[in-house]
Amino acid sequence: MNVEHSVRLAFINHYGREADFIVKAPGRVNLIGEHTDYNDGFVLPCAIEYATFIAVSARDDDKVNVLALDCNNQTDSFFINTELNSHSTQTWSNYVRSVVNELQKSGYTLSGSDICISGNVPQGAGLSSSASLEVGITYAFNHLCNLYIERKEIAKIAQAAENNFVGCNCGIMDQLISACGKQGQALGIDCRSLDLIEVGIDPSMSILMINSNVKRGLLDSEYNLRREQCYAGAEALAKSSLREVSIEEFEAQKHTLKADVAKRVEHIVYENARTLEAMHAFSNNDTTALSKLMMQSHESMRDLFEITTPEIDFLVDIIANVINTHGGVRMTGGGFGGCVVAFVPKVLVKDVIYAIESQYEQQTGLKETIYTSVPSTGVSLISA
């Protein structure tokens, strides 16, 4: 049974009526441009086919009822048009409450609803299951209450919800690509202006996401430390953000920075340049250039930003040995585990999967999980 059908059926069984509509909000994978988003830099994500599905029906009162199929059918209920100061003890429901809270703070008038949520975005893999949920809930209330919110604003509301209520100081990339993704395209995002650059992806290529299944115990503390080091670097160089630092300026002044800070700044400055180059390379399906750029990105995350793990490095080596210059591979996401992303000709996908399955677990003792996708569309109404 596919996710759309299961969420539709569960809604009927739980609420005793059919849903008025269903929203589909995709997860995402970042092809290149890591940790550049909170430095006002450039990223190149695409929406993926894995998504959160949200079935919704209007109510005559101001109560919101929520059923989460993927969390052992847990439920939550709360009233809108009241100040949502209280957090639920159920982590998942805070993402729903956060969106309602942010919409109300922004002055939108909401009405009650019955909601059922399910999805197939892998959780804990760095593919933005939380952002897809936030964007999906925002879009659902946008449609339900005729709010006429534009897609970029939906992303901003979803990001603010996570920042202010959930308490995670994330950048805008995850929500923006879930809201604005295009079928068959990646989106280059200028994280300062939020300008979007459509980047075509050759249909003869596949995107593979390989979850290392490394437990990501250091992610939160180290992520925050990397942010602090980047901000310290910008301050030391008298810039508002590392986006303002050119390669030439960095090379001339890097000797003035503390050693760790200099390494973090070097990654960001060169990663921004790589991301801009990669936009052209993806558009032209220049796999030789992409092979080089994605490997440089990975090596920079390994040696300068220091966020990879031996297991992640091994996965990258396995894939690189199969595809050579016919595609690209790198770690993607916050680091310390999570996923590798590979850009692979469809004719080589089976070879890549075979190489991973025959080597990774034997070497690391961990069993990988492999996902394939093509660039997908952003949040959408799939049933009305």
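Residues numbered from 1 in each chain as written. Predicted model: local features only at pLDDT ≥ 70, side-chain atom pairs only at ≥ 80, totals over all residues. Heavy atoms only, no water.

A. Spotlight on the overall build of the chain. When its secondary structure is counted, the chain shows 11 helices and 12 strands. Taking 2.2 N^0.38 as the reference for a compact globule, 384 residues should give roughly 21 Å; the C-alpha atoms of the chain span a radius of gyration of 21 Å, in line with that estimate. The C-alpha extent of the chain, read off along each of the three principal axes, is 65 × 50 × 40 Å. In the chain, which comprises 384 residues, the proportion classed as buried is 58%. Here the chain displays about 15600 Å² of accessible surface, and carbon together with sulfur accounts for 46% of that area. (Helix = DSSP H or I, 4+ residues; strand = E, 2+ residues; numbered from the N terminus. Rg over C-alpha atoms; globule rule 2.2 N^0.38 Å. Buried < 20%, exposed > 50% of the residue type's maximum accessible area, 1.4 Å probe, protein only. Areas by Shrake-Rupley, 256 points an atom, 1.4 Å probe, with all protein chains shown as cover.)

B. Geometry of the side chain of S291. Secondary-structure assignment places S291 in helix α9 (residues 287–303). Of the residues examined, S291 reaches a relative accessible area of 17% and is grouped as buried. With near-sequence residues (within four places) excluded, S291 lies in contact with N324, T325, G327 and G328. (Contact = heavy atoms within 4.5 Å.)

C. Representation of the sheet that holds strand β8 (residues 205–211) within the structure. Taking strand neighbours across the sheet as the criterion, the four strands line up as β9-β10-β8-β11 in an open arrangement whose pairing is antiparallel. One side of each edge strand has no neighbouring strand; the edge strands of this open sheet are β9 (328–332) and β11 (369–373). When the angles between neighbouring strand axes are averaged without regard to direction, this sheet yields 20°. Two strands pair when backbone bridges link them, and β8 and β11 are joined in this way by five bridges, in the antiparallel orientation. Note that in β11 the partner of I207 across the bridge is S373. Taken strand by strand, α9 contacts β8, β9 and β10 (339–345), and its axis lies near 30° from that of β9. Set on the sheet, helix α11 (residues 349–364) makes contact with β8, β10 and β11; between it and β8 the angle comes to about 15°. (Pairing = 2+ DSSP bridges. Axes fitted to C-alpha atoms, helices over the stretch in contact; angles between N-to-C directions.)

D. Representation of the nonpolar core. Core analysis: the largest hydrophobic core is formed by 47 residues, its most contacted members being I115, I137 and F141. With seven residues, the single largest contributor to this core is helix α3 (residues 129–144). (Core = buried A, V, L, I, M, F, W, Y, C linked by side-chain atoms within 4.5 Å.)

E. Summary view of the packing of aromatic side chains. Taken as a whole, this structure holds five aromatic pairs when the rule is applied. Between Y38 and Y223, the ring centres sit 5.6 Å apart and the planes meet at 75°, which makes this aromatic pair edge-to-face. Of this pair, Y38 sits in the loop between β1 (21–32) and β2 (42–58) while Y223 sits in helix α6 (residues 219–236), and the two are 185 residues apart along the sequence. Taken together, a centroid distance of 4.8 Å and an interplanar angle of 70° make the contact between F282 and F343 edge-to-face. Here F343 lies in strand β10 and F282 lies in helix α8 (residues 259–283), a separation of 61 residues in the sequence. Each member of the pair F282 and F343 is classed as buried. An aromatic cluster is built from Y38, Y223 and Y231, whose rings are joined through pairwise contacts. (Phe/Tyr/Trp six-rings, centres within 6.5 Å; stacked < 30°, edge-to-face > 60°.)

F. α3, seen in detail. Across its 16 residues, α3 extends 22 Å between first and last C-alpha, which sits within 8% of the 22 Å expected from 1.5 Å per residue. Most of α3 is tucked away, with 14 of its 16 residues classed as buried. (Expected span 1.5 Å × (residues − 1).)

G. Up close: the packing of helix α10 (residues 310–323) against α11. At a closest axis distance of 10 Å, the pairing of α10 and α11 adopts a crossing angle of 150°. Between α10 and α11, the angle is such that the two are roughly antiparallel. Between α10 and α11 lies a crossing whose hand is right-handed. In this structure, α10 uses E311, F314, L315, I318, I319, V322 and I323 to contact α11, whose residues at the interface are D351, V352, A355, I356, Q359, Y360, Q363 and T364. Here the contact of α10 with α11 is built from residues that sort into 10 nonpolar, three polar and two charged. (Parallel < 35°, antiparallel > 145°, perpendicular 65-115°, else oblique. Left-handed = near helix turned anticlockwise from the far one by under 90°. Nonpolar A, V, L, I, M, F, W, Y, C, P; charged D, E, K, R; others polar.)

H. Looking closely at the pattern of salt bridges. Enumeration according to the criterion identifies 20 salt bridges in this entry. In this structure, K105 engages E102 in a salt bridge whose closest nitrogen and oxygen atoms are separated by 3.5 Å. Linking K105 with E102, this pair stays in helix α2 (residues 91–105), spanning three residues, or about one helical turn. The exposure class of K105 is exposed, given its relative accessible area of 51%. When salt bridges that share partners are traced, they join R17, R59, D61 and D114 into one network. (Salt bridge = Lys/Arg side-chain N within 4 Å of Asp/Glu carboxyl O.)

I. Molecular detail of the pairing of β1. Most of β1 sits out of view: 11 of its 12 residues are buried. Sheet topology places β1 next to β2; 10 bridges connect them, and they run antiparallel. Pairing of I22 across the sheet is with A55, part of β2. Sheet topology note: the β1/strand β12 (residues 380–383) ladder contains three bridges and is antiparallel. Along β12, the bridge assignment pairs K24 with S380.

J. Seen up close, the packing of α2 against α3. Where α2 meets α3, the axes come as close as 9 Å, and the angle between the chain directions of the two elements is 45°. The orientation of α2 relative to α3 falls into the category oblique. The two elements α2 and α3 cross, and the hand of that crossing is right-handed. Here α2 contributes W92, Y95, V96, V99, V100 and L103 to the contact with α3, which in turn contributes S130, L133, E134, I137, T138 and F141. In terms of residue class, the contact of α2 with α3 is made up of nine nonpolar, two polar and one charged.

K. Structural view of the environment of Y231. Along the chain, Y231 turns up in helix α6. By relative accessible area, which is 39% here, Y231 ends up partly exposed. Along the primary structure Y231 and Q183 are separated by 48 residues, whereas in three dimensions their C-alpha atoms are 35 Å apart. Not counting residues within four places of it along the chain, the set of residues in contact with Y231 comprises Y38 and N39.

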